[in-house]
Amino acid sequence: MWGGRFASGPAEIMEEINASIGFDKRLAPQDIRGSLAHVAMLGKAGILPAEDVAKIEAGLKTVQSEIDAGTFEFRRELEDIHMSVESRLREIVGPTAGRLHTARSRNDQVATDMRLWVRDTLDALDAQAADLQQAMAELALKHAGTVMPGFTHLQSAQPVTFGHHLLAYVEMLNRDRGRFRDARARLNECPLGAAALAGTSFPIDRHATAASLGFDRPTANSLDSVADRDFALEALSAAAIAAVHLSRFAEEIVVWTSAQFGFVKLSDRFTTGSSIMPQKRNPDAAELVRAKSGRVIGALSGLLIVMKGLPLAYSKDMQEDKEGTFDALQTLSLCLAAMAGMVRDLEPVPDVLKAAAGSGYATATDLADWLVRELGLPFRDAHHVTGRLVGEASSRGIGLEALPLAVMQAEEPRITDAVFAVLGVENSVGSRTSYGGTAPDNVRAQAEGWLKRLASETA
């Protein structure tokens, strides 16, 4: 492979640390696509004769068919996917295979392959995130009026609806999808033709190669072309944020399915049992989604550390971009699929949710707002009055709605029995009609809007 410069092969340990075929073989489809585009361009530019182009194209398609059929032999001594494909191509078409590497290097080849793989994967992740949005929006529409407690500091704060809570994650996922698309747009430049680092003296047409591979344009600087891994870092950054969002919802599922909360149920399809405690139903799928966020975040940290000290242009350190990127993006794909399954399996328990929504004096803000709106109190004064009434209710062991009117009037004489209309949890959520608020009509409109938007994306 190395030509005449080396008199002997590498040491066994050198082969062990240097070979990447064990993980970069998954780039085979992208490598062959890139090679087909490259050889077609070489032919059109008059760099290779048509008969050589035809032989190479036919050989590459044979290699692809062998990979698809599982009969291709990935040989460790050939180091990587690029040399593995080229070696097999030589076995098929003979010395003509050597012409394929004209006007390119493994440096621009691997950069192109990785961009193609990351681009394909971002498209798939975007579709999976949309599917999870669909599942959440459907459940949100069904439970637009199902009251539940809203929390701050994990303390009961104000009543919201279950649908409203789900739509918060639909918004998060939409930002995730925006980051996937932004990362895709920035990576969509083709490094092929930058060669090792300085470009090539052959009269290649990089714009034609870029267009044939679906890139918007060729990269503009040959040094940056082979040195850049921003596209992987940006994809991992987007993936890490998405994984954190999934982890947050997974944590809520873990809490909600506990006996102490009992807010939702998961079926046997997404829970497991205990080897010793027969009563247990463990939310293992949610726990694993929560845990796997660490792998995605770790891959981002790992690649940032690899890249931070590298001078231009290519260094073998950059081979370490692959395993972490492959693992992280495929881990996120698995988590998105698991979460979509769990959301479609979730069964909220409305009675438990409603009872919890009314605990912890969750309508105290509604009382303060009523004092401001109906009696004209400054909010800070209303806050103090409400706080004292909450204290009184707490000392009596009752809810605000159970406080006698006379007790309320002892704190603020102008309070009337009309106040009781705002102290029920349904009245509370129904009053939150501001844009983005938790009023059931708002939630229905938002859920329906999301479902319509998602349907239009696939129309």
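The protein chain appears in an unreviewed UniProt entry as Argininosuccinate lyase from Methylobacterium frigidaeris. Entered under Sequence similarities (unreviewed entry) in the UniProt record, the comment concerning the protein chain runs "Belongs to the lyase 1 family. Argininosuccinate lyase subfamily." Its UniProt record gives the protein chain a comment under Subcellular location (unreviewed entry), which states: "Cytoplasm".

Q: Hey, could you go over the overall build of the protein chain for me, with residue numbers and the actual values?
A: Scanning the protein chain from N- to C-terminus turns up 18 helices and six strands. At 30 Å, the protein chain has a C-alpha radius of gyration far larger than the 23 Å of a compact globule built from 459 residues. Per-residue burial for the protein chain yields a buried fraction of 48% across its 459 residues. Mean positive and mean negative side-chain charge positions of the protein chain (48 and 59 charges, respectively) differ by 1 Å.

Q: Quick one: what's the story with the environment of P95, residue by residue and with numbers?
A: Note that P95 resides in the loop between helix 5 (81-93) and helix 6 (106-142). Exposure remark for P95: the relative accessible area of 66% places this residue in the exposed category. Spatially, the C-alpha atom of P95 lies 65 Å from that of G163, the residues being 68 residues apart in sequence.

Q: Can you explain the nonpolar core? Please cite residues and give values.
A: Formed by 95 residues in total, the largest nonpolar core has its most connected members in L132, L246, F249, L332, M339 and M342. Looking at this core, the element that brings in the most residues is helix 10 (residues 230-256), giving 16 residues. In this structure L132 touches L173, L246, L336, M339, A340 and V343, once residues within four positions along its chain are discounted. In this structure, A382, A393, V407 and I415 belong to the second largest nonpolar core, which totals 20 residues.

Q: With reference to specific residues and values, describe helix 13 (residues 350-357).
A: Where helix 13 is concerned, the buried positions are L353, A356 and A357. The arc that holds the buried residues of helix 13, viewed along the axis, is 105°, so those residues lie on one side. Structural note: helix 13 exposes D351 and A355 on the side pointing more than 90 degrees away from its buried face. In this fold, the buried residues of helix 13 make contact with strand 1 (147-152), strand 2 (155-161), helix 7 (162-187), strand 6 (347-348) and helix 17 (425-431).

Q: How would you summarise the pattern of salt bridges if you had to cite specific residues and measurements?
A: The tally for this structure, following the rule as stated, stands at 32 salt bridges. The partner of R106 in a salt bridge is D80, and the shortest N-O contact between them spans 2.6 Å. Of this pair, R106 sits in helix 6 while D80 sits in the loop between helix 4 (50-69) and helix 5, and the two are 26 residues apart along the sequence. Assigned by exposure class, R106 and D80 land together as buried. Several salt bridges converge on common partners, so that one network encompasses E66, R75, E77, R88 and E91.

Q: Describe the packing of aromatic side chains, and please don't skip the residues or the numbers.
A: Aromatic ring pairs: the centre-centre distance and the angle between the two ring planes describe each pair. Considering all chains together, one arrives at six aromatic pairs under this definition. Ring plane angle 85° and centroid distance 6.1 Å describe the contact between F249 and W256, whose orientation is recorded as edge-to-face. Through a chain of ring-to-ring contacts, the aromatic side chains of F162, Y169, F249 and W256 assemble into a single cluster.

Q: Let's hear about the pairing of strand 1: which residues, and what values?
A: As paired elements, strand 1 and strand 2 share six bridges and run antiparallel to each other. Within the sheet, the bridge partner assigned to F151 lies in strand 2 and is S156. A loop of two residues connects strand 1 with strand 2, the two strands running antiparallel in sequence, and H153 in this loop sits at a positive phi of about 60°.

Q: So what about unusual backbone geometry? Which residues, and what values?
A: Leave glycine aside and you will find that most residues have negative phi; peptide bonds, for their part, are mostly trans. A cis amide bond, omega 5°, links L312 with the succeeding residue A313. Here A313 is to be found in the loop between helix 11 (284-307) and helix 12 (321-345). Phi at E79 takes a positive value of approximately 75°, unusual for a residue other than glycine. By the element assignment, E79 lies in the loop between helix 4 and helix 5. One non-glycine residue with positive phi stands out, namely L154, at about 60°. Topologically, L154 is positioned in the loop between strand 1 and strand 2.

Q: I'd like a rundown of the packing of helix 14 (residues 364-375) against helix 15 (residues 379-396), residues and numbers included.
A: Orientation of helix 14 relative to helix 15, taken along the N-to-C sense of each, is 135°, at an axis distance of 8 Å. Considering the angle they form, helix 14 stands oblique to helix 15. Crossing handedness for the pair helix 14 and helix 15: right-handed. Together, A364, L367, A368, D369, L371 and V372 of helix 14 and F379, A382, V385, T386, L389 and V390 of helix 15 make up the contact between the two elements. Split by residue class, the contact of helix 14 with helix 15 holds 10 nonpolar, one polar and one charged.

Q: Talk me through the UniProt feature "domain: Argininosuccinate lyase C-terminal" (unreviewed entry) in the protein chain; I want residue IDs and the actual numbers.
A: Listed under "domain: Argininosuccinate lyase C-terminal" (unreviewed entry) in the UniProt record, and renumbered for this structure, are residues 361-429. Taken end to end, residues 361-429 is 61% helix and 0% strand, and its two terminal C-alpha atoms sit 14 Å from one another.

Q: Lay out the environment of F180 in plain terms, naming residues and giving numbers.
A: By the element assignment, F180 lies in helix 7. Using a relative accessible area of 2% as the deciding quantity, one classes F180 as buried. Once the C-alpha coordinates of F180 and L122 are considered, the two residues, 58 residues apart in sequence, prove to be 5.9 Å apart. F180 has contacts with L122, L125, D126, A238, A239, A242 and L332, leaving out every residue within four places of it along the chain.

Q: Any chance you could break down a nonpolar patch on the surface for me, citing the residues and the numbers?
A: On the surface, I13, M14 and I17 cluster together into a nonpolar patch covering about 350 Å² of accessible area. By secondary structure assignment, the location of I13 is in helix 1 (residues 12-18). According to the relative accessible area criterion, I13 is exposed, its value standing at 65%.

Conventions used here
Residues numbered from 1 in each chain as written. Predicted model: local features only at pLDDT ≥ 70, side-chain atom pairs only at ≥ 80, totals over all residues. Heavy atoms only, no water. UniProt positions renumbered as here; feature names shortened; annotations may be inferred. Helix = DSSP H or I, 4+ residues; strand = E, 2+ residues; numbered from the N terminus. Rg over C-alpha atoms; globule rule 2.2 N^0.38 Å. Buried < 20%, exposed > 50% of the residue type's maximum accessible area, 1.4 Å probe, protein only. Lys, Arg positive; Asp, Glu negative; His and termini not counted. Charge placed at Lys NZ, Arg CZ, Asp CG, Glu CD. Core = buried A, V, L, I, M, F, W, Y, C linked by side-chain atoms within 4.5 Å. Contact = heavy atoms within 4.5 Å. Arc of directions from axis to C-beta. Salt bridge = Lys/Arg side-chain N within 4 Å of Asp/Glu carboxyl O. Phe/Tyr/Trp six-rings, centres within 6.5 Å; stacked < 30°, edge-to-face > 60°. Pairing = 2+ DSSP bridges. Axes fitted to C-alpha atoms, helices over the stretch in contact; angles between N-to-C directions. Parallel < 35°, antiparallel > 145°, perpendicular 65-115°, else oblique. Left-handed = near helix turned anticlockwise from the far one by under 90°. Nonpolar A, V, L, I, M, F, W, Y, C, P; charged D, E, K, R; others polar. Patch = residues over 30% accessible without salt bridge, like charges linked within 9 Å, V, L, I, M, F, W, Y side chains within 5 Å. Areas by Shrake-Rupley, 256 points an atom, 1.4 Å probe, with all protein chains shown as cover.

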